[in-house]
Amino acid sequence: MLLSVAIALSVIVLCYALLRKEPEPLLGIYSQPGKWFYLKKALFFIFLSLRKYRMNRMKNRGESAEIKDAGYGMKSRMKVEDMDCVQTLVDDPMAIDCMYFNGLNANGDYFLLRIARRQNREAEIWLYINVKDIGFFQSPVHPDTTLYNANPDSFDAGGLRFECVEPMRKWKVTFNGMLRKGLSETWPQETHEMTHVKFSFMWNAFTDPFDFDTDIYPGCLASAIAREKWSKEYFERIKKSHQTHYEQWGELLGTIQVDGHKDTELRLRGYRDHSYGVRDWYTFHRYAINFVYLEDGTAFHVDSISLPGILSLLQCGYLSKPNGILHPVSSTDMDMIALGEDQNPPTEYEFNFTADGKSYHVILKARAVIRFYLHDDWRSMIFEHVSDYEVNGVKGYGIFEFLYRNPSRSPLHPEKTLALLKEPDITASSSSAIWLPFAATECGSSRLVGGKGCQLALLSQLKSAKFSVPSGFCLTIAAFHLQLASNPSQQMAIDYVVKVSCAKNANPEVVKAACEAVANAFLNAPICPEVTNAVNEALCSVFGSNHAVRQFAVRSSAAGEDGVEMSAAGQMETVLGITGLEKIYEAIKFCWASLYAYTAFAYRKQNCQQLKSSAGVVIQEMVPAAAAGVLFTRHPVTGNPGEMVLNANYGLGESVVSGEADPDQVTISRDWTDAVSIKTKQIGSKKLQMKLTNSGVENIASKSSDTCCIGDDLILQLALVGIELEKRFGNPRDIEFAIDTENRIQLLQARPITVLEYESEWHLLHEFDTALANDKETLTTANIQEMMPSAVTPLTCSTFFYSIDRATQSLLVSCGVHPCVHYPQKAVYVCCNQGFINLNYSLGLYEGTSIMGQKRMGELSLLGEVVGKPPLAEHVSYNGRYTLLRRIRNGIQQFLAMYNSSAWVKRFGEKMKSYTLMEPHLNSPHKLYHAISKDLPLFDKMWSEHVVCSSSSAVYSNVIMAIVSEGADVWRTEHYSDLAMLLSKCDDVYSADVPSLLLKLVEKIRTKEERDKMINSSPEEVLDWLNSDSSGEIGREFASFMSRHGHRCIREAEFREKSWHMEPTKVIKVLQSMAQSSLTNPAGRNAVDTSQPSISRIKSRTTLFSRLVLRLIWPKARRGVGSRETSKSVAVQLIDVFKQAYWKLAEMMVEENRLPDQDLLFFLTHREIGILLETRSPRLIARAQKRRQVHSKQSLLRFQRITTGHPALIDTLSDSKIRSFSSMVKASGLPVSLGVTMGTARVVRSLAEASSIQNGDILIVEYTDVGWSPYFPLISGLVTEIGGLVSHGAVVAREYGLPCVVNVANATQIFNSGQTVYSQLGLLLGCKTLPFCLNCEMYCC
């Protein structure tokens, strides 16, 4: 009976579906769910799932090829390096590659920036900025957005430039140009003030990218597809119109310069997107999109999009939590029909959306509305609403963006783009040519004829009535090599000069003499017949039979000169006014010889270019010049594109470029329409002129002239020619020109301007800063700056900090707290190259996410104390609170990770005994670099395991603290003291071996002769002695020590800092200090606790049951301390392997002149080293040198130990304040090793000052790492500004029974060396003398 009813109902439903009419689209636009909607939705949902499964399989197999059918569950690129970069435009007239950035803050500042690369050198630009107290600025082209003659190979248009620094992590955003002040939305435009504006920002991500190809909520996409009528043509339309689109949130940090105003530093939060594929704005009916940032660090995108015939109504988006976890939006009630369908978008609005099962109510109000138009025909228009938001009571700000089809069309006529002048591809036949005329296409290749010849050939390809290029030809680089082959002595001289210049401590005088020898070898040898015949042939071919009476300029054209990054202007020789074949031959030799002139050779050396360079030679007919000079198409100092600068003199331009004359200087104004006018003239004296005469070139002295050597009309013509050349080449130009006797413009050169990019010291200081999701994130220098105090080098920042961040993230992933390791740094924050731990993220294992976690215990592990920051409520808001079942699962996963880690470290420790990157076959910098890159994941893995071992040690320590405190809400001093006692004198504390072994080694020095040798000899002499057989047992002990601990040193994670193994004299100096002391055991200790740890010594009140549990946990906790120290030692061993490899790489690169000195390598990131190996980029070399200059300043900066939001610099105590403490000082900190002591304070601010430490001193330092361990046998107490219960100083101090107090703020500033200091239970008293007080029964002031 039931079956019959079910069948009948099914038949009825089927008949209803078959007979039901498909609903008509609302307003003829928005398709409605039809009768097969749910079936189609289910089918497409399955289709999406299968494609995602296929993509995951490809990812797991490591496939990285471009995916042709991307979208709808499939990524377009598997590698982020291939995705987050300039893309090749697809073969479609509507192809696009677009990058967008916005940034806002609570003060009302905002930036809206976009560049969309289109076909035929067209681009779309959005550029709107508002700076409080300065004003609103926009691109002069707005409300139009189309630009022409854009750079086709980069995001660079209208003065705005986006440059990828690290894919999915860091982009550089710069602008230099003229902007219109005030908002203009109509055409023709109102008159507005134009202002020169420059800004430079670094954009740093704080979320992962949300890829709409793969991450969109499946139900949203399936619903949108199921609404439409399916057909073969429909799916073809979907495929053809696909574009990849992903978004990512981050911070813009930088400065803006507006003429007439001081530089303004800004920090803006917002998002960027990248789209590539096909986008025809006309396919959009409309859309409404919210991009919103909230003050708690939450960010979201919610949209409704209508593309009739494709996706007539798609509603989707995502939400990012402050901790970086992304959730797709599953639904929203944004009603498109009620949301400005009449093209009047509302300025106030409310809606709801759902993500991760939680509902969000959004209230928004626009504070500014901006309107502009898209495409050259204005087929669509955008309303950009800069708005204030409130979401579930949390305030924020963002953009509500509307797009509509534009019913009217553009009043503008599209410009015609100019063909880009670029070098041709080289064929095998052309590469062997000895000479090439300017008119030959192949002559436009710098690889064949050098930089100068290449530029002249490209200029000659332009047929213009405005200018001409004097005829000529180039002797190719092949001719240069023919000459070398026919004269072995020249090649030998070149080899010698390269050898002596790359030698260690190269003598400049020797190099200069070797350069002169090369020059003489060229000048004294005849030109080989093949080349002389070619020159004769070229002269006849280009100039005819009367070439013997013509006058020529013979100019050097070196490989690599006149490029975008390096001009080499003035480094090579030019010979003017040459007549006759023999003189041309002599001039050619002179040009070749100038390639190895000391100035040119030193220039290549400084810029790390190929020392064994080659050159072509330009032979060009000279024209009599009435005037000549140089035109810069942008101001050469400010880079202002609204100003062009012309320098000129009567006669030949050589008097201008050589700097011998005082020329006229004309500044030309250029507006955004390329209209030009003369702004200023500065008339030079022009007392020296260079004239072309029948006998050659003569310098002629003349009277001072008060008129400009070039008329106004010609000046403006030159300016327009300069603008055309700038467009033709795609970048600003430095143009050499001459005005002939008939007032015609002759072009002699057009090289790129290479010095427009300028970065202030502020930008270099903050170059590697990372982002925070909100201003409430809590940062600390504790823990991380114990091992890596002060500023690190860029190489260390890009490797060690990166690995520590990945290690912490990996722990949270392995414990189930996070779904993946994020692209941006979340756990380790960087400011001015100094490291901070982000407590909000790093303490993600807490009671809300794991049954094994507790926030205050995490604080104890990282900081050595409970600080209550961030507050628990904020911590929950940041990290979320999981269900009990998930917390149990996460706790189990955490236990398994801890259980497996120690075994992995032990196995890897065995591997480290033979692991090296100094293999013989890695005999070139390229091979060694790739070997390092290949093994860097191993570096990450080791630090991940160390973090797990540290976590394991922390968990056991936390359990002990919970037991001794009996679960108290507040931990008292006796609780900390009991924990310190129970964890003292642990077995296998690897770093504690360092002072004890050195102490034993010093004790081996028994005879006066040995003591005198150790004390009175230089460190190098002592080292030689210890390595010799004559040192006997002492030498063997030293060798044993170095074998066990040679990989350690101070700041041991800094790759620039050489280990003891690499620089043994560091240890020798310590041994000498210890040997010089009359006592090997420290004197002056008072009441130091030397007894063994025991549960019976616990002072805290505990129950019998607690002590029974403690007996089970205590041994594991002590093993955990040893395991933590062992894993750290193995990790540092691995660091030492990479240190040696990087130093070897630096040595190899210096030998090949890829670096000016070895130390500079550490001021490049690992990625930049690879780029430098491939490109020899002078720009990278210059940047590294600037970084090194500011590094010392970064190292002096000091920050609060705990700070909320971005860290602010703190003022160090002034001398007057320090003097005010000289009579009496009282300070306190965390006692991590018990005992009472009194002694002389020894304030040491760096290891270089450690030789001043005397027996019995109380050492007061900022931090300690293993590099300080050798001094522990000398001291009677230790005080540090940074530290915790498990910091290096605390662990080793407990092993030696040294009273130790950590976390004493400003200790190195408020105490002075020589004061008497008393220490007990974290209290420090200091003064000139400390009398014993009978009332207090203690020493006091």
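Residues numbered from 1 in each chain as written. Predicted model: local features only at pLDDT ≥ 70, side-chain atom pairs only at ≥ 80, totals over all residues. Heavy atoms only, no water.

A. Region of the structure containing the overall build of the protein chain. In terms of helices and strands, the protein chain carries 34 helices and 48 strands. Taking 1341 residues into account, the globule formula puts the C-alpha radius of gyration at 34 Å, and the protein chain, at 37 Å, falls close to it. The 1341 residues of the protein chain split such that 59% are buried. With an accessible surface of roughly 54100 Å², the protein chain has 53% of that area assigned to carbon and sulfur atoms. (Helix = DSSP H or I, 4+ residues; strand = E, 2+ residues; numbered from the N terminus. Rg over C-alpha atoms; globule rule 2.2 N^0.38 Å. Buried < 20%, exposed > 50% of the residue type's maximum accessible area, 1.4 Å probe, protein only. Areas by Shrake-Rupley, 256 points an atom, 1.4 Å probe, with all protein chains shown as cover.)

B. Molecular detail of the sheet that holds strand β30 (residues 676-682). One open sheet holds the 7 strands; their spatial order is β22-β34-β33-β27-β28-β29-β30, and the pairing between them is mixed. Only two strands of the sheet have a single neighbouring strand rather than two, namely β22 (467-468) and β30. Bridge count between strand β27 (residues 625-632) and strand β33 (residues 733-740): 7 bridges; the pairing is antiparallel. When the sheet's bridge partners are listed, Leu-631 is paired in β33 with Ile-735. Lying on the sheet, helix α14 (residues 712-729) is in contact with β22, β27, β28 (643-650), β29 (664-670), β30, β33 and β34 (745-752); it crosses β30 at an angle near 115°. (Pairing = 2+ DSSP bridges. Contact = heavy atoms within 4.5 Å. Axes fitted to C-alpha atoms, helices over the stretch in contact; angles between N-to-C directions.)

C. The sheet that holds strand β26 (residues 615-621), seen in detail. Across the sheet, 5 strands lie side by side as β21-β23-β26-β24-β25; this open sheet has antiparallel pairing. The open sheet terminates on both sides in strands that have one partner only, identified here as β21 (435-437) and β25 (574-578). Averaged over all pairs of adjacent strands, the angle between their axes in this sheet comes to 20°, without regard to strand direction. Summarising the sheet, strand β24 (residues 552-558) and β25 pair through 3 bridges and their orientation is antiparallel. Paired with Phe-552 across the strands is Ile-578, a residue of β25. With respect to the sheet, helix α6 (residues 446-460) is in contact with β21, β23 (472-475), β24 and β26, its orientation differing from that of β24 by roughly 125°. Helix α10 (residues 529-543) rests against β21, β23, β24 and β26 of the sheet, and its axis sits at about 165° to β23.

D. Quick look at a nonpolar patch on the surface. A contiguous nonpolar patch, built from Ile-851, Leu-884, Ile-888, Ile-892, Phe-895, Leu-896 and Tyr-899 and spanning about 710 Å² of accessible area, is present on the exposed surface. If you trace the backbone, Phe-895 turns up in helix α21 (residues 884-912). (Patch = residues over 30% accessible without salt bridge, like charges linked within 9 Å, V, L, I, M, F, W, Y side chains within 5 Å. Salt bridge = Lys/Arg side-chain N within 4 Å of Asp/Glu carboxyl O.)

E. Structural detail: helix α31 (residues 1178-1196). Along its 19 residues, α31 runs 29 Å from first to last C-alpha, staying within 8% of the 27 Å computed at 1.5 Å per residue. Remark: the principal bend of α31, roughly 35°, maps to Val-1190. When we look at burial in α31, the residues that qualify are Pro-1178, Leu-1180, Ile-1181, Arg-1183, Ala-1184, Arg-1187, Val-1190, His-1191, Gln-1194 and Ser-1195. In the core, the buried residues of α31 are packed alongside β8 (170-181), α12 (598-606), α15 (761-765), α17 (794-814), β37 (834-838) and α30 (1166-1175). (Expected span 1.5 Å × (residues − 1). Bend = angle between axes of the 7 residues up to and from the residue.)

F. Molecular detail of unusual backbone geometry. The omega torsion across His-142 and Pro-143 is 15°, close enough to zero to call that bond cis. Here Pro-143 shows up in the loop between β4 (135-138) and β5 (146-147). For the peptide bond that leads from Lys-869 to Pro-870, omega is -10°, which places it in the cis range. Relative to the elements of secondary structure, Pro-870 occurs in the loop between α19 (855-863) and α20 (872-879). In this structure, Gln-343 takes a positive phi of about 70° despite not being glycine. By the element assignment, Gln-343 lies in the loop between β16 (326-332) and β17 (348-355).

G. Looking closely at helix α8 (residues 488-501). Compared with an ideal rise of 1.5 Å per residue, which puts 14 residues at 20 Å, α8 spans 20 Å between its outermost C-alpha atoms and is within 8% of the ideal. Within α8, the full set of buried residues consists of Gln-490, Ala-493, Ile-494, Val-497, Val-498, Val-500 and Ser-501. For α8, the secondary structure elements touched by its buried residues are α7 (477-486), α9 (508-524) and α12.

H. A look at the packing of helix α26 (residues 1019-1026) against helix α28 (residues 1065-1076). At a minimum axis separation of 9 Å, α26 and α28 run at an interaxial angle of 95°. When the interaxial angle is binned, α26 and α28 end up roughly perpendicular. Facing Pro-1019, Glu-1020, Val-1022, Leu-1023 and Leu-1026 of α26, the residues of α28 in contact are Thr-1065, Ile-1068, Lys-1069, Leu-1071 and Gln-1072. (Parallel < 35°, antiparallel > 145°, perpendicular 65-115°, else oblique.)

I. Molecular detail of the packing of α21 against helix α29 (residues 1104-1151). For the pair α21 and α29, interaxial distance at closest approach is 10 Å and the crossing angle is 35°. Handedness of the α21/α29 crossing: left-handed. Where α21 abuts α29, its residues Ser-902, Val-905, Phe-908, Gly-909 and Met-912 lie against Ser-1123, Ser-1127, Val-1130, Gln-1133, Leu-1134 and Val-1137. Of the residues that constitute the contact of α21 with α29, the class distribution is 6 nonpolar, 5 polar and no charged. (Left-handed = near helix turned anticlockwise from the far one by under 90°. Nonpolar A, V, L, I, M, F, W, Y, C, P; charged D, E, K, R; others polar.)

J. Spatial organisation of the pattern of salt bridges. Per the stated rule, a full pass over the model turns up 54 salt bridges. Between Asp-211 and Lys-75 there is a salt bridge; the shortest N-O distance is 3.1 Å. Of the two residues, Asp-211 is situated in strand β10 (residues 210-211) and Lys-75 in the loop between α2 (37-60) and α3 (80-83); the sequence distance between them amounts to 136 residues. One salt bridge in this structure joins Arg-751 and Asp-734, with 3.3 Å as the shortest N-O distance. With Arg-751 in strand β34 and Asp-734 in strand β33, the pair connects residues that are 17 residues apart, well separated along the chain. Judged by its relative accessible area of 6%, Arg-751 falls in the buried class. Owing to a relative accessible area of 12%, Asp-734 belongs among the buried residues under this scheme.

K. Region of the structure containing the pairing of strand β31 (residues 688-693). In the sheet, β31 pairs with strand β32 (residues 696-701) via 6 bridges, with the strands oriented antiparallel. Each residue of the ladder has a partner; that of Met-690, found in β32, is Asn-699. As consecutive antiparallel partners, β31 and β32 are separated by 2 residues.

L. Here's a closer look at the side chain of Arg-180. For Arg-180, the position within the fold is in strand β8. Given a relative accessible area of 4%, Arg-180 falls into the buried group. Of the polar contacts made by the side chain of Arg-180, one reaches the backbone oxygen of Pro-140; its length is 2.7 Å. (Polar contact = N/O pair within 3.5 Å; in protein donor to acceptor, adjacent residues only side chain to side chain.)

M. Molecular detail of the state of the cysteines. Enumeration over the complete set of coordinates arrives at 0 disulfides. Looking at Cys-591, it has no disulfide partner, and the nearest cysteine sulfur is the one in Cys-474, 12 Å off. The exposure class assigned to Cys-591 is buried, which follows from its relative accessible area of 1%. Residue Cys-831 stays outside any disulfide, its sulfur separated by 4.0 Å from that of Cys-832, the closest cysteine. (Disulfide = S-S within 2.5 Å.)

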